[in-house]
Amino acid sequence: MSGSSSDWSHHSQLRERLGPAGSLVESLIAGMSEIIKSVICIQPEKDTFIEIGCYFYRASMIIMEFRTNYNTPTNTVEILQSLHKRVELAKSFTTKIEKNAHTMNSSEIITVVHQLEGLVKSFGENLNLIPLSTYGNQEYADKAAKSLFKEMKEASFSVAGPTSREIETDLYAVDADISAVNIQLSDYPSQIYSTGNDNNNSREISAVLDRNNLALPQLARYMEPLYETFYCPLTKTVMEDPVTIESGVTYERKAISDFFDKFEDQNELVCPKSGKSIKSRNLSTNVALKATIDEWKERNEAARIKVARAALSLASSDNMILEAIDDLQSVCRTNPYNKVQIRSIGIIPSLAKFLEYRSRSIRQVTLELLKQLAEDDEEGKDIVAKTVDISTVIKMLSSSHTPVRHASASLLVELSKSRFFCNEIGAVAGGILMLTTVKYRQPLDSFASEKADEILKNLEKLPDNIKLMAENGYWEPLLTHLLQGNEAMKMEMAVYLGEIILGSESKTSVAERASPALIEMVKTGNSPSRNAAFKALQQISSHNPNAKALVDAGILQIMIEEIFTRSSTHNEQMNSRNEAALILANVLESGLDLENFQVTTHGHTLASDYIVYNIVSRIKNSSPDELNINLLRILLCLIKSDKASSTIVSVVKEMEASYDLIDLINNPNDELGIKSIKLLITLSGFMGHTLSDRLCKTQGQPQSLIVNPNEITTITEKHAVSANFLAKLPHQNLSLNLALVNSKTIQAVMTSIAQINKTGTRSSRHTSSYFEGLVGILVRLTTTLYDHQILLMAKTHNFVSVLTELLTRSFTDEVQKLSAIGLENLSRQSVDLSRPPQRKKKNKILKLSFFRKCISINLSKGESFSLCPIHRGVCSSQETFCLIEAEAVERLLSCLDHENVEVVEAALSALSTLLEDKVDVDKSVGFLSERNAIRHVLNVVKEHKEEGVTKKAFWVIERFLMKGGDDSVSDISRDRLLPATLVSAFHHGEGSTREMAGKILRHLNKMPDLSNTLTFTM
């Protein structure tokens, strides 16, 4: 049978079933077809007329629904008649203007447009009157009618004039035979696109649809002709698996099977459509019909895809976008091949734009559709991954809208199966971090957490991603591959581990798991593997808390072996001895007690002579700087323990290694020089005089340790440790002190002190330490003032005034302590330096007057001298180092209130020089009493319980009691806490402290004086 006779048969069946309504439906569709054909051909105001045609085109799609539904309410005929009148009138207008457009003026065209506008509005009102029941179970048709009514009601067509603008064509133009708007409109009696301009005309309508937001994706579902035979009589839907029963009627297989199951008695079987009795339940597949339906579906789905693409391109309303995406999801579920069609016509770029759409619902369904397009198709995954902005999808993992969050996670799972995606994820800023964050938020969102975990597992296919995961705190993949991977993978993971800065939370756990594997790589791996393992172990060992895990894994034995016994092969890219020394130094600096830890198979410990000898013997100028630095670090750690320190000192003395250490001071590598000086400072407590002598014998020393202040731009650690080295060497070493004086080092020290005194210590973090060293150098000279050169230097630079000023400046406690010690040493020289004035004539004293500080002696002939009442001679701060003349007493007394007990003790010692037997103690006590010195001393006893400072304070109190008279006794007696402190010291103090406590108690009549007790002999 030909196609035309088949169509005629179909229309006859339709008219027979619908009656008068059927004829009206066919007439309406034909009339609207004529309108559309006419408006396409009209050239004046082309856009406006095509827009009008689009309204009738959309209305025709709704009218077509009457062909597939059986429900036709009685008032429907009247509504259709009203619609028919308006269509006929509109057709007459469009036909007229089509034929006469070239002769009509603008005003006539405007009149026609206004008339058509009124018809469109009234048409929409009538369309809205069609009852819902007319559409049967096709709810979308009713929604489409309501939506179209609203648009028609507000329709307004403007006339631009004789010039028309160029129409923008569809971005994805398609051939006319499959165009979304150039399909057959359900067996129209006449085809609306039969003119020679079919392709251009269809694109123009599509463009106007795009511009005016008129696409309806849901209506596109049945854009191909539908025949009644496609429908199952039971389900009223298009059949998927049509089967024919004995009566010759075709049904959906499942529907008819369920119907037959209702009959228990075989004799009761009937055909549900005809009602005829049947004897067999046999179902025969209707192959021809199924093939026809499948072919129809294929054409229909292609058309639906095109219409959906057009709707997405328009994106005029959220509802339109949602319907289009829903339709695309539907066709993808129906036939997986449709995914290929969707990709091929360029829909994915449109979908990518909707990932940033304002509506969360649209973002959600877009993600779901993209997931569908990527599923079970490697090409689809790659296309989606290359088209969409991956960073946008990842950001949605943090969305507050759970469906969006879950949809993005599901899409990323699919994309992570693509190698392209795995390559690109590293370029997404914060991508891996976001995934790891979601993974660890399992209590908040278990679904997203599980998906994130799945994504991360897929990303492990590329080692670079494993590194990114570790950098973002997710170490499990790296550690797993390090422990279980092949040799190449282990090496790569070790390289990454050496490059990544470990976070504080993961450092210890990573060390515990990775250390055994890395140490094994050092022992048995090839050269590249060993290099990678060393780098990783350096990174791990740099965090002190990891030391225990490394020691437990056997790191000490392996590193000692590398340093002492293993020889580097010619193809190794690194010196393993240097690396091993660095790792060992890192472990020892953790503070673990490891000196007795066995590190060789022969039972040697780290503190043994063998180990120390091997370390010291390798420290020399000819060794690599890095090795020397790390060996010095090892010694600096070991020397902190008593056992190891004695061994190190013994070995250094035996090997005369101090020469090598001193030679390293001026090494161009500052770090090496610093480490060497630090070890020398520690050794100075054991062999200080030896080091002083060898330093003086070394060319360029000791003056090179103190740089000219004019050459210093920033004070460094090297400057600080150098100054402190000179300060820590034995102060009484005359050779070193003279070397400092004769080399003009002291002048540089004084200049530097003056500069820092002026600018403060905040210019560098090493300034305070440097300043302490400089002051310490001055103080060391005060211990050898018996040498005339040093004495002259102290006078020339007025050491007393310098140190007095330093007492009250806001410098460190160490500076104040050193200043007080220096003043003590200087003050002890005052008695010897103070001499009576030389007079030319004797017995000419006319007047004696006592002042607070000195006695003024006026002689005849105008001679006048100031005598110090305490030192009994002529005094000054510069020449005799007199504390009274330097006004240092008040400052020393203020230091007694200091919180640091060392500062207090040093200040007490300096003040005690004014109460020694060589001076006039009576006058000194009076002088100090005027300044309430005893109150400061009593406060020291109350605040500080240390033996040394208590002993000095008791000595001062005793001197006041002995020489201060009743006033001093009264002041001391009024202190209520003193007796208890004295009693405690008398019971528990050391010998001399206990003795002084007893003397004070007797002075205060708190215990009997046994010195005058008679002794009776029996």
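None of the values given here were measured: they were computed from a predicted structure.

Peer 1: Can you tell me about the overall build of the protein chain, naming the residues and giving the values?
Peer 2: When its secondary structure is counted, the protein chain shows 48 helices and seven strands. The proportion of buried residues among the 1018 residues of the protein chain is 53%. Residue pairs at least 24 apart in sequence account for 70% of intrachain contacts in the protein chain once pairs closer than 6 positions are excluded. Accessible area of the protein chain: about 46,500 Å², with a carbon and sulfur share of 48%.

Peer 1: Can you tell me about the pattern of salt bridges, naming the residues and giving the values?
Peer 2: Tallying each qualifying case throughout the model produces 39 salt bridges. Note that D453 and K457 form a salt bridge whose closest N and O atoms lie 2.8 Å from each other. Highlighted residues: D453 and K457, both in helix α19 (residues 446–459), separated by four residues, approximately one helical turn. Classification of K457 by relative accessible area gives partly exposed; the value is 47%. The salt bridge involving E562 is made with R530; its shortest N-O contact spans 3.0 Å. A residue pair is termed long-range when its members are at least 10 positions apart, and E562 in helix α26 (residues 555–564) and R530 in helix α24 (residues 527–541) qualify at 32 residues. Taking relative accessible area as the criterion, R530 reaches 1% and is therefore assigned buried. Residues participating in the shared-partner salt-bridge network are R343, D377 and E379.

Peer 1: Run through the packing of helix α12 (residues 347–354) against helix α14 (residues 378–387), naming residues and quoting values.
Peer 2: Packed helix pairs are specified by the crossing angle of their axes together with the interaxial distance, meaning the distance between the axes. Relative orientation of the contacting elements α12 and α14 amounts to 50 degrees, with a least axis distance of 10 Å. Between α12 and α14, the crossing angle belongs to the class labelled oblique. For the pair α12 and α14, the sense of crossing is right-handed. Residues I348, P349 and A352 of α12 form the contact with α14, whose participating residues are I383, V384 and T387. Classifying every residue of the contact of α12 with α14 by side-chain character gives five nonpolar, one polar and no charged.

Peer 1: Quick rundown of the side chain of S38? Include the residues and the values.
Peer 2: Relative to the elements of secondary structure, S38 occurs in helix α2 (residues 20–41). Apart from residues no more than four positions distant in its own chain, S38 is found in contact with T94, T95 and E98.

Peer 1: I'd like a rundown of the environment of R891, residues and numbers included.
Peer 2: Turning to its location among the elements, R891 is positioned in helix α41 (residues 889–895). For R891, a relative accessible area of 28% puts it in the partly exposed group. Here the alpha-carbon distance between R891 and L807, two residues 84 residues apart in the chain, equals 6.6 Å. Beyond its immediate chain neighbours, meaning those up to four positions away, R891 contacts T804, E805, L807 and T808. Of note is the side chain of R891, whose polar atom sits 3.2 Å from the backbone oxygen of T804.

Peer 1: Residues and numbers for the sheet that holds strand β2 (residues 250–252), please.
Peer 2: If you trace the three strands from one edge of the open sheet to the other, you get β2-β1-β3, paired in antiparallel fashion. Every other strand in the sheet has two partners, leaving β2 and β3 (284–285) as the edge strands with one partner each. Pairing of strand β1 (residues 242–244) with β2 involves three bridges; the strand directions are antiparallel. Note that in β2 the partner of T244 across the bridge is T250. Packed on one face of the sheet, helix α8 (residues 253–260) meets β1, β2 and β3 and runs near 95 degrees to β2.

Peer 1: Give me the lowdown on the packing of aromatic side chains, citing residues and values where you can.
Peer 2: On inspection of all chains with the given rule, the structure shows seven aromatic pairs. Centroid distance Y440 to Y474: 6.1 Å. Interplanar angle 85 degrees. Geometry classified as edge-to-face. Here Y440 is found in the loop between α18 (431–439) and α19, whereas its partner Y474 is found in the loop between α20 (463–471) and α21 (476–484), with 34 residues between them in sequence. Judged by relative accessible area, Y440 falls into the exposed class, the value being 51%. Aromatic pair F564 and Y610: ring centres 6.4 Å apart, planes at 80 degrees, arrangement edge-to-face. Taken together, the residues span a long stretch of sequence, with F564 in helix α26 and Y610 in helix α28 (residues 609–617) at a distance of 46 residues. Put simply, the rings of F259, F260 and F263 touch in pairs and so form one group of aromatic residues. When the ring centre of Y440 is taken as origin, the NZ or CZ atom of K439, which lies over that ring, is 5.9 Å away.

Peer 1: So what about unusual backbone geometry? Which residues, and what values?
Peer 2: Cis geometry marks the peptide bond from Q701 to P702, where omega comes out at 0 degrees. Among the secondary structure elements, P702 is positioned in the loop between α32 (670–697) and α33 (717–728). Residue E656 is not a glycine yet carries a positive backbone phi of 50 degrees. Among the secondary structure elements, E656 is positioned in the loop between α30 (642–655) and α31 (658–663). We classify E656 as partly exposed; its relative accessible area is 41%. With a phi angle near 55 degrees, N932 is a residue other than glycine that sits in the positive phi range.

Peer 1: Could you give an account of the packing of helix α10 (residues 318–334) against helix α13 (residues 360–374), with specific residues and numbers?
Peer 2: Axis separation between α10 and α13 bottoms out at 10 Å; the angle between their running directions is 20 degrees. If you check the angle between α10 and α13, you find them roughly parallel. Here α10 runs over α13; the crossing is left-handed. Mapping the contact onto sequence places D318, I321, L322, I325, L328, Q329, C332 and R333 in α10 and S361, I362, V365, T366, E368, L369, Q372 and L373 in α13. Residues belonging to the contact of α10 with α13 are distributed by class as follows: nine nonpolar, four polar and three charged.

Peer 1: Mind laying out helix α29 (residues 625–638), listing which residues take part and the relevant values?
Peer 2: For α29, spanning 14 residues, the distance from its first C-alpha to its last is 20 Å, which sits close to the expected 20 Å at 1.5 Å a residue. The element α29 is largely enclosed, with a buried count of twelve among its 14 residues. Three or more residues of α29 are buried, namely L627, N628, I629, N630, L631, L632, R633, I634, L635, L636, C637 and L638. Turning to α29, the residues buried within the fold contact α26, α27 (576–588), α28, α30, α31 and α32.

Peer 1: An account of helix α16 (residues 402–415) is needed here, citing residue identities and associated values.
Peer 2: In a regular helix each residue adds 1.5 Å, so 14 residues correspond to 20 Å; α16 covers 20 Å between its end C-alpha atoms and thus fits that length. By the criterion of burial, α16 is predominantly enclosed, with eleven of the 14 residues buried. In this structure, the buried side of α16 is in contact with α13, α14, α15 (390–395), α17 (419–424), α18 and α19.

Peer 1: An account of the confidence of the model for the protein chain is requested, with residue identities and associated values reported.
Peer 2: Looking at the protein chain as a whole, its pLDDT mean stands at 82, while 84% of the residues score no less than 70. Put simply, strand β4 (residues 845–850) is where the protein chain has its lowest mean pLDDT, 40, and α33 is where it has its highest, 96. Long-range and interchain partners of residues 162–222, a stretch whose pLDDT sits below 50, account for 151 contacts in this model, where long-range means more than four residues apart. Below pLDDT 50 for its whole length, residues 1013–1018 participates in zero contacts with residues either more than four positions away or in separate chains.

Peer 1: Mind laying out the state of the cysteines, listing which residues take part and the relevant values?
Peer 2: For the structure on display, the rule yields zero disulfides. Considering cysteine sulfurs only, C875 is the nearest to C868, which forms no disulfide, with 3.9 Å between them.

Peer 1: Describe the nonpolar core, naming the residues involved and giving the relevant values.
Peer 2: Soluble globular proteins: nonpolar side chains tend toward being buried together. Within the largest apolar cluster, 180 residues are counted, with the highest numbers of intra-cluster contacts made by L478, L497, L518, I555, L683, I746 and I957. Once you skip the residues sitting within four places of it in the chain, I555 turns out to touch I519, L537, L550, I583 and V587.

Peer 1: Pulling in residues and values, what's your account of the environment of E460?
Peer 2: Mapped onto the elements, E460 comes out in the loop between α19 and α20. Note: C-alpha distance between E460 and S416 (44 residues apart in sequence) is 9.8 Å. In contact with E460, other than residues within four places in its own chain, are I466, M469, P477 and H481.

Peer 1: Any details on the side chain of T784? Residues and values, ideally.
Peer 2: Relative to the elements of secondary structure, T784 occurs in the loop between α36 (767–781) and α37 (788–796). A polar side-chain atom of T784 sits 3.0 Å from a polar atom in the side chain of N737. What T784 contacts, discounting residues up to four positions off in sequence, is H731, Q732, L734, N737 and I790.

Peer 1: Pulling in residues and values, what's your account of the environment of F420?
Peer 2: Examined against the element boundaries, F420 turns out to sit in helix α17. Put simply, F420 and D382 are 38 residues apart on the chain and 6.2 Å apart in space, counted from C-alpha to C-alpha. Here F420 is in contact with D382, A385 and K386, once residues within four sequence places are set aside.

Rules and cut-offs
Residue positions are counted from 1 within each chain, in the order its sequence is given. Restriction of local features to residues with pLDDT of at least 70 applies here, the model being predicted, together with a cutoff of 80 or more for giving and counting side-chain atom pairs; totals for whole chains, interfaces and linings are based on all residues. With hydrogens and water set aside, each side-chain value is computed from the structure's full complement of heavy atoms. Only DSSP runs of H or I reaching four residues or more are called helices, and only runs of E reaching two or more are called strands; each is numbered from the N terminus. Exposure classes here rest on a 1.4 Å probe applied to the protein chains alone. A residue is buried below 20% of its type maximum, exposed above 50%, and partly exposed in between. Between two residues, a contact is recorded if the distance between any of their heavy atoms is within 4.5 Å. A 1.4 Å probe and the Shrake-Rupley method give the accessible areas. Residues count as covered only by the protein chains that appear here. A side-chain nitrogen of Lys or Arg and a carboxyl oxygen of Asp or Glu constitute a salt bridge if their distance falls within 4 Å. Here, axes are lines fitted to C-alpha atoms. For helices the fit covers the stretch in contact, and angles between N-to-C directions go from 0 to 180 degrees. We call two directions roughly parallel when the angle between them is under 35 degrees, roughly antiparallel when it is over 145, roughly perpendicular when it lies between 65 and 115, and oblique otherwise. For any pair of crossing helices, the crossing counts as left-handed if the nearer helix is rotated counterclockwise from the farther one by less than a right angle, and right-handed if it is rotated clockwise. In this count, Pro and Cys sit with the nonpolar residues alongside Ala, Val, Leu, Ile, Met, Phe, Trp and Tyr, while Asp, Glu, Lys and Arg are called charged and the others, Gly among them, polar. Polar contacts here mean pairs of N or O atoms no more than 3.5 Å apart (in protein, one a potential hydrogen donor and the other a potential acceptor; neighbouring residues in sequence count only if both atoms are side-chain atoms). Here the rule is simple: two strands pair whenever DSSP picks up at least two bridges between them. The pairing test for Phe, Tyr and Trp rings, Trp by its six-membered ring, is centres within 6.5 Å, and the orientation test on the planes gives stacked under 30 degrees, edge-to-face over 60, and tilted for anything in between. Geometrically, a charge over a ring is one whose NZ (Lys) or CZ (Arg) sits within 6 Å of the ring centre while staying within 35 degrees of the ring normal. One less than the number of residues in a helix, times 1.5 Å, gives the span that helix is expected to have. Values of pLDDT, ranging from 0 to 100, describe the predictor's confidence in every residue of the model. Criterion for a disulfide: a pair of cysteine sulfur atoms within 2.5 Å. Buried residues of nine kinds, namely Ala, Val, Leu, Ile, Met, Phe, Trp, Tyr and Cys, make up a nonpolar core once their side-chain atoms join them within 4.5 Å.

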